[in-house]
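Below, each chain spelled out in residue letters.
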Amino acid sequence: MLDLTKQESIKHGTVFFPIQYYWNETDSPLYSLPVHWHTDYEIIHVLDGQFNFLWGSETVILNKDDYVVIQDGVLHGDGDEILSGSYESVVFDFNILRSKHYSQDMFLKNVAEHRVILNKVINIDDPFIKQNMDKLFETMRSRDAGYELLTIGEIMCFFGYIQNKKMYSQDEKIITARNLKNSQLQSVFNYIETNFEKHITLETLSEISGVSPKYFCRIFREYTKYTPIDYLNAYRIDRSCSLLMTTDKTLNEIAKECGFSDSSYYIKIFKKYKGMTPYRYKSFDHKDDVNEGLFFNHEKYFQESPYEKDKDVH
């Protein structure tokens, strides 16, 4: 089962309207979407080009106007190769759609309880639903009067379309196996998130997952495309980016706080994952409103939408 005690730190939207719009362009030198999971749902829409997307343990190539629905607890992020493209996303608390005890909630209840697994890629061939989805993202970008009700209505139409076209699976064996592996890995991610500055070994991580080191390495790489130690280093580098952007600490101080033995090794690993030195990364014109808890944080990884440059939306 999903461990809800350690959710990602970012809250999408507001308490009263927990839905947030994001936009990203993969050609940006600062672009990165590491493998992660969260308790919210997410709808991704490819605007242009292609997106090499890791969903669970599989990599899929998304093309223009493809949609992906990411259920809570599902690992996802960039595939091995970053392709040129742009995409937008709506991240939301699934409970905002629920009308419990009414018939229209039965399918949503099965989705929420993972009794069904939605198709990885949703191709819309219905002009009416395509228009609805265009309206969903347009509404979230503009935020005009009534956008909250319109947004929820459009998302409900989308899930109705998925149910009508049977774009989901109800294979109990597949669902059980996927949920088990997700649970094993989520406990490891939680441990890394709260102990990344400490000395962490492969044996420690495999023990937390409850399986042998050999099997742990296999399922970890199957789902994330990283080895456990590569993933740990990527996480540490990401946390160090927060310190680079928001503090005047020395590289040696940052290295120590993020679990690296010294600044020389830190710089070497930083260049491996970011393609530049920490000094060059710090010189970029980052936004001022950097959130804390940056790893698994959409606010960091998603850029300013060209549709919103003249709007105060943050």
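Above this text sits the structure in question.
Chemist: So what exactly am I meant to see when it comes to the overall build of the protein chain here?
Modeler: Within the protein chain one finds 11 helices and eight strands. By residue count, 49% of the 314 residues in the protein chain fall in the buried class.

Chemist: Is there a simple way to explain the packing of aromatic side chains in this structure?
Modeler: Each aromatic ring pair is characterised by the separation of its centres together with the angle its planes make. The tally for this structure, following the rule as stated, stands at 20 aromatic pairs. Ring centres 5.4 Å apart and planes at 85° place the aromatic pair F17 and Y147 in the edge-to-face group. Taken as a pair, F17 in the segment before β1 (19-25) and Y147 in helix α3 (residues 147-164) lie far apart in primary sequence, 130 residues in all. Judged by its relative accessible area of 9%, F17 falls in the buried class. Within the aromatic cluster, the residues linked to one another by ring pairs are Y21, Y41, Y67, F92, F94, F137, F158 and F159.

Chemist: Would you take a moment to explain the side chain of R98 for this structure?
Modeler: Structurally, R98 is set in the loop between β6 (85-92) and α1 (106-112). With a relative accessible area of 17%, R98 lands in the buried category. Looking at R98, its side chain comes within polar contact range of the side chain of D105, at 2.5 Å. With residues up to four places along the chain from it excluded, the contact list for R98 reads D105, L108, K109 and A112.

Chemist: What is the right way to look at the packing of helix α7 (residues 228-246) against helix α9 (residues 263-274) in this model?
Modeler: Two quantities define a packed helix pair, namely the angle between the helix axes and the distance between the axes. Close contact between α7 and α9 brings their axes to 10 Å; oriented N to C, the two are set at 100°. If you check the angle between α7 and α9, you find them roughly perpendicular. In this structure, α7 contributes D230, N233, A234, I237, D238, S240, C241 and L244 to the contact, and α9 contributes Y265, Y266, I269, F270, K272, Y273 and K274. Taken together, the residues of the contact of α7 with α9 sort by class into nine nonpolar, two polar and four charged.

Chemist: Looking at this model, I keep getting lost on the pairing of strand β4 (residues 67-70). Mind explaining?
Modeler: On a regular strand, each side chain points to the face opposite its neighbour's, so the side chains alternate between the two faces of the sheet. A two-sided burial pattern is seen for β4, the buried positions comprising Y67 and V69 on one face and V68 and I70 on the other. Pairing analysis gives four bridges linking strand β2 (residues 41-55) to β4, with the strands arranged antiparallel. Counterpart to E42 in the pairing with β4 is I70.

Chemist: Would you take a moment to explain the nonpolar core for this structure?
Modeler: Nonpolar side chains tend toward joint burial in soluble globular proteins. One finds L185, Y266 and F270 to be the most contacted residues of the largest nonpolar core, which totals 33 residues. Secondary structure elements with two or more residues in this core: α4 (172-195), α6 (213-224), α7, α8 (251-257) and α9. Counting 32 residues, the second largest nonpolar core, distinct from the first, contains I19, V90, M140 and F159.

Parameters and conventions
- The numbers attached to residues start from 1 for each chain and follow its sequence in the written order.
- The predicted nature of this model means local features are confined to residues of pLDDT at least 70 and side-chain atom pairs, given and counted, to a pLDDT of 80 or more, with totals for whole chains, interfaces and linings taken over all residues.
- Hydrogens are left out, water is left out, and the side-chain values use all remaining heavy atoms of the structure.
- Helix and strand assignments follow DSSP, with helices taken as H or I runs no shorter than four residues and strands as E runs no shorter than two, numbered in order from the N terminus.
- Note on exposure labels: buried denotes an accessible area under 20% of the residue type's maximum, exposed denotes more than 50%, and partly exposed covers the range between, all computed with a 1.4 Å probe on protein chains only.
- Any Phe, Tyr or Trp ring, taking Trp's six-membered ring, that has another such ring centre within 6.5 Å forms a pair; planes under 30 degrees apart are called stacked, those over 60 apart edge-to-face, and the others tilted.
- Polar contacts, as used here, are pairs of N or O atoms within 3.5 Å; protein pairs need one atom able to donate a hydrogen and one able to accept it. Residues neighboring in sequence count only if both atoms are side-chain atoms.
- Contact between two residues is taken to exist if any of their heavy atoms lie within 4.5 Å; hydrogens are not considered.
- Helix axes are fitted only over the stretch in contact, all axes being lines through C-alpha atoms; the angle between N-to-C directions runs from 0 to 180 degrees.
- Angular relationships are summarised with four words: roughly parallel below 35 degrees, roughly antiparallel beyond 145, roughly perpendicular across 65 to 115, and oblique for the angles in between.
- The residue classification treats Ala, Val, Leu, Ile, Met, Phe, Trp, Tyr, Cys and Pro as nonpolar and Asp, Glu, Lys and Arg as charged. All others, Gly included, are polar.
- Only strands that DSSP links by at least two bridges are regarded as paired with each other.
- For this analysis, a nonpolar core means a set of buried residues of the types Ala, Val, Leu, Ile, Met, Phe, Trp, Tyr and Cys, connected via side-chain atoms within 4.5 Å.

So, to be careful, I would describe these as geometric facts and stop short of saying anything about function.
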